[in-house]
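What the coordinates show
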Amino acid sequence: MIPTPHINVSEQGVIAETVLMPGDPLRAKFIAETYLENPVQFNSVRNMFGFTGTYKGKKVSVMGSGMGMPSIGIYSYELLNFYGVKNIIRIGSCGAIQEDVKIRDIIIGMSASTTSNYASQYNLPGTYAPTASWPLMKKALTIAENKAIPVKVGNILSADIFYDDEPEVWKRWARMGVLAIEMEAAALYMNAARAGANAICILTVSDSLVSHEATSAEERQTSFTNMMEIALELA
Ligand code: ADE
């Protein structure tokens, strides 16, 4: 079934077994050009750029996921089920909902609560708990420790709605100990689990719903070096 409707690659092996997925395709381009040796672009369908290169001699790909669970759901499904991808490392941004989670902190989503009904497709007789891959988590924590990069690990919320009609609804998730809000991890974790593959979500805090601080778009594009270094070592 390749090429797929959203990835114009007709051969196996063009996409690496490990794919880094930022939300923004231009960030994928930036990461490929900044960190990978000999990056070659493999996708431009809908401008969802994907590249394969090497990092310290190891083949790795980087591709945009787009925003939201329908979008990352499509791209990660095709990568995992049609291109033999085994590991997806989402790198993204999130909004803090705890007082002690500050902008530019790095968060790793151990689990992803969600407002999406993505799990309904599996017809489970209960509530599924989308969870990061333990091997990737264990390795990410070792890398962070070795590099002396502080990380906060916990439950994140993958929300379907950015501009919520009830603007303070996040406080109810905060009461349950959820660290931050983003919009993709739960679908990624479910697709990876269903495919028998690995996924993890590493985030930098771009804004705080508690303090109302935010980083600029320019900082989001270029200043997340620590997060990218963990992700690249993990690959
Ligand atoms: N990504 C970055 N900040 C966010 C927020 N406040 N809500 C949802 N996703 C986000």
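The name recorded for the protein in an unreviewed UniProt entry is Purine nucleoside phosphorylase DeoD-type, from Ruminiclostridium papyrosolvens DSM 2782. Database annotation for the protein, UniProt heading Function (unreviewed entry): "Catalyzes the reversible phosphorolytic breakdown of the N-glycosidic bond in the beta-(deoxy)ribonucleoside molecules, with the formation of the corresponding free purine bases and pentose-1-phosphate." Quoted verbatim from the Sequence similarities (unreviewed entry) field of UniProt, the annotation for the protein is "Belongs to the PNP/UDP phosphorylase family."

Examining the UniProt feature "binding site: phosphate" (unreviewed entry) in the protein
Using the residue numbers shown here, the UniProt feature "binding site: phosphate" (unreviewed entry) corresponds to Gly23, Arg27, Arg46, Arg90, Ile91, Gly92 and Ser93. Looking at the secondary structure, you find Arg27 in helix α1 (residues 25-35). Owing to a relative accessible area of 7%, Arg27 belongs among the buried residues under this scheme. Looking at where Arg90 falls in the secondary structure, it is placed in strand β5 (residues 87-96). For Arg90, the residues in contact, after removing those within four places along its chain, are Met21, Gly23, Ile72, Glu182, Glu184, Ala185, Leu188, Ile200, Cys201, Ile202 and Leu203. Within polar-contact distance, the side chain of Arg90 engages the side chain of Glu182 at 2.9 Å.

Some words on unusual backbone geometry
Excluding glycine, residues mostly carry a negative phi; peptide bonds, for their part, are mostly trans. With omega at 0°, the peptide bond leading from Ile2 into Pro3 counts as cis. Summarising the element assignment, Pro3 is placed in the segment before β1 (18-22). Backbone geometry at Lys56 places phi at a positive 50°, although glycine is not the residue there. Within the secondary structure, Lys56 is located in the loop between β3 (50-55) and β4 (58-63). Lys56 gets classed as exposed once you look at its relative accessible area, which sits at 61%. Of note in this structure, His212 is not a glycine but carries a positive phi near 65°. When you line up the elements, His212 lands in the loop between β9 (198-208) and α6 (217-222).

Some words on the packing of α1 against helix α7 (residues 225-234)
At their nearest, the axes of α1 and α7 sit 12 Å apart, and the two run at 70° to each other. What the angle tells us is that α1 and α7 run roughly perpendicular. Along the contact surface, α1 presents Arg27, Phe30, Ile31 and Tyr35, while α7 presents Thr225, Met228 and Leu232. Of the residues that constitute the contact of α1 with α7, the class distribution is 5 nonpolar, 1 polar and 1 charged.

Conventions used here
Residues numbered from 1 in each chain as written. Predicted model: local features only at pLDDT ≥ 70, side-chain atom pairs only at ≥ 80, totals over all residues. Heavy atoms only, no water. UniProt positions renumbered as here; feature names shortened; annotations may be inferred. Helix = DSSP H or I, 4+ residues; strand = E, 2+ residues; numbered from the N terminus. Buried < 20%, exposed > 50% of the residue type's maximum accessible area, 1.4 Å probe, protein only. Contact = heavy atoms within 4.5 Å. Polar contact = N/O pair within 3.5 Å; in protein donor to acceptor, adjacent residues only side chain to side chain. Axes fitted to C-alpha atoms, helices over the stretch in contact; angles between N-to-C directions. Parallel < 35°, antiparallel > 145°, perpendicular 65-115°, else oblique. Nonpolar A, V, L, I, M, F, W, Y, C, P; charged D, E, K, R; others polar.

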